[in-house]
Amino acid sequence: MKDEGLNLIHILLLFSSLSLLSIGGGNTVIPEMQHKSVGAYGWLTDKQFADVFAISQAAPGPSVLLVTIIGYKAAGLLGALLATVAMILPAAALVFLVSRMWNRAADSPLRHAIERGFAPLTVGLVLASGYVMSHAADHDWRAYILTGVCTVICTSTKTNPLFVVGGASLVGWLGWI
Amino acid sequence: MIPTSTTSSVPEPSLAELAWTFNHIALASFGGGLSAWSREVVVVEKKWMSDEEFLSALTMCRILPGANQINMAVFVGSKFRGMAGACAACFGLTFMPVVIVLAMSVAYFKFNDVPAMQNTLKGAAAGAVALTFSMAIKTGRKCLTGVIPALLLVATFVMNGVLHWPLFGVLAIVAPPALLWAWPKGART
């Protein structure tokens, strides 16, 4: 494993730059991530990349933890930790600075306009991501019915969402969808 | 203590509570729907933010580079406890998921197969999509106060969700009229 030192440097450079390029969320840099880690560095095969992508989507927590798995494959545990920190820290530092300015500007008209004006835009974006998710997760008609029923339960009752997702998982586990 | 306009009547969370809460959000979100979970906990359960504050922060977190939910954790953490709060929330959100993802990938590279949970995850994903839709319905009810916000909402959904236009292009079109509509009356730039 004489390449591990070099791999660590590549991990640091690749993911810290992708961190700042991931405008709009971690998923926007996945093509570049695949290109570099499969094509340029040969850390994983195409099939492995697709599989670990699926793992990172299904696992709890932010899906950007895909980089943790890539780092692990490239350089073991140290690589996993380095990739995670490199992917998170630069962007988080930037967001921290913005949030400081935001909290100081509590009474500015611009902040009021953004809070009120962006609300309908954000709801539109959330609706769009639900729509895209339901198309991506190879939904057939049974899954759409399950989604519909769960949506009604979540919207019109005070059921703990954990029961709803847990119940839906159970339906899936039983092979009904 | 003099309450200011930004802080609500809820007591400010400690660092441990921030980390614990975001850990709870992360673990609940298997199958996806992290945004909906964040709102459920941050707005509904803990009342750390109003819906409006949460939604605008969410859009800014989408515009800025970085994973949206990590950005949201930084935003909420720094609101209450500055840099230490941001680190605590971020640590809470990522620590257990990193451990889980590592365990899953060790298993994957050993057995060369995704752990046999496909059906369960399919069900969980259907539930997570439902959670996301119900968040859109619940928050939509509050902000649909007239024709203009309704038009803005539908336009954003169609351009981003149906036509798959990139986020920046969509916002370049809808943000200016949204800000114009929402600008506080009587205020000057």
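This text follows the structure it describes.
What this report covers is the structure whose coordinates are included nearby. Residue numbers here run from 1 along each chain, matching the order of that chain's written sequence. Just so you know, chain letters begin at A and ligand numbers begin at 1, following the order they were written in. Thresholds applied to this predicted model are a pLDDT of at least 70 for local features of residues and 80 or more for the giving and counting of side-chain atom pairs; totals over whole chains, interfaces and linings are not thresholded and use all residues. Only hydrogens and water are removed before side-chain values are computed, so all heavy atoms of the structure are retained for them.

Structural notes on unusual backbone geometry
Using the following cut-off: Helix and strand assignments follow DSSP, with helices taken as H or I runs no shorter than four residues and strands as E runs no shorter than two, numbered in order from the N terminus.
Phi angles above zero are rare outside glycine, and K47(B) is one such case at about 55 degrees. As for its position among the elements, K47(B) is in the loop between α2 (34-45) and α3 (51-63).

Some details on the layout of surface pockets
Stated formally: Space inside and on the surface of the protein is sampled on a 1 Å grid over the protein atoms alone, with a cavity defined as a set of points where a 1.4 Å probe fits but cannot get out and a pocket as an open set with protein on both sides within 12 Å along at least 5 of 7 lines; lining residues have an atom within 4 Å of a point. Grid points are joined across faces, edges and corners, and a volume is the space filled by probe spheres set on the points. Residue type decides the class: Asp, Glu, Lys and Arg count as charged, Ala, Val, Leu, Ile, Met, Phe, Trp, Tyr, Cys and Pro as nonpolar, and the leftover types, Gly among them, as polar.
In this structure, the second largest pocket occupies an estimated 430 Å³ of space. In terms of lining, the second largest pocket is formed by 17 residues, of which the most central are I88(A), L89(A), C87(B), C90(B) and F91(B). Broken down by secondary-structure element, the contributors of at least two residues to the lining of the second largest pocket are α4 (66-104) of chain A together with α4 (68-111) of chain B. Classifying every residue of the lining of the second largest pocket by side-chain character gives 15 nonpolar, two polar and no charged.

Points about the interface of chain B and chain A
For clarity, the threshold we go by: What makes two residues a contact is simply this: any of their non-hydrogen atoms within 4.5 Å. Once two parts are put together, the accessible area they lose, assessed with a 1.4 Å probe and summed over both, is termed the buried area. When a carboxyl oxygen of Asp or Glu lies within 4 Å of a side-chain nitrogen of Lys or Arg, that pair is called a salt bridge. Side-chain atoms alone can form a polar contact between residues adjacent in sequence; in general such a contact is a pair of N or O atoms within 3.5 Å, and within protein one must be able to donate a hydrogen while the other accepts it.
Taken residue by residue, the interface counts 95 residues in chain B and 85 residues in chain A. With both sides pooled, the region where chain B packs onto chain A buries about 8,100 Å², and carbon together with sulfur makes up 79% of that total. Per-residue buried area on chain B facing chain A is highest for P65(B), F109(B) and K122(B); these three make up 8% of the total on that side. For the pair chain B and chain A, the number of links is one salt bridge. A salt bridge links E53(B) to R111(A); the nearest nitrogen and oxygen atoms lie 3.5 Å apart. Taken together, chain B and chain A are joined by ten residue pairs in polar contact (both at pLDDT 80 or more). Broken down by element, the side of chain B that touches chain A gets its largest block of residues, 24 residues, from helix α5 (residues 118-143) of chain B. Here the residues of the side of chain B that touches chain A are counted per class, giving 60 nonpolar, 26 polar and nine charged.

Some words on the environment of I30(A)
All names here are of chain A. Counted only if it meets this: Relative accessible area decides the class of each residue, using a 1.4 Å probe on protein chains only: under 20% of the type maximum gives buried, over 50% gives exposed, and in between gives partly exposed.
Summarising the element assignment, I30 is placed in helix α2 (residues 30-40). Judged by its relative accessible area of 14%, I30 falls in the buried class. A C-alpha to C-alpha distance of 9.2 Å links I30 and F53, two positions 23 residues apart in sequence. With residues up to four places along the chain from it excluded, the contact list for I30 reads F49, F53 and L66.

With respect to helix α7 (residues 161-173) of chain A
Residue and element names in this part refer to chain A. What counts, and what does not: To estimate how far a helix should extend, the number of its residues minus one is multiplied by 1.5 Å. What the arc covers is the set of directions going from the helix axis to the C-beta atoms.
Over its 13 residues, α7 extends 18 Å from the first C-alpha to the last, a length consistent with the 18 Å expected when each residue adds 1.5 Å. Here α7 has its buried residues at P161, V164, V165, A168, S169, V171 and G172. Taken around the axis of α7, the buried residues stretch over an arc of 160 degrees, which confines them to a single face. α7 presents F163 and W173 as exposed residues on the side facing more than 90 degrees away from its buried surface. A distance of 2.9 Å separates the backbone nitrogen of L162 from a side-chain oxygen at the start of α7, and that oxygen is part of N160. Once α7 finishes, G175 follows within two positions and takes phi at roughly 80 degrees, a positive value.

So, to be careful, I would describe these as geometric facts and stop short of saying anything about function.
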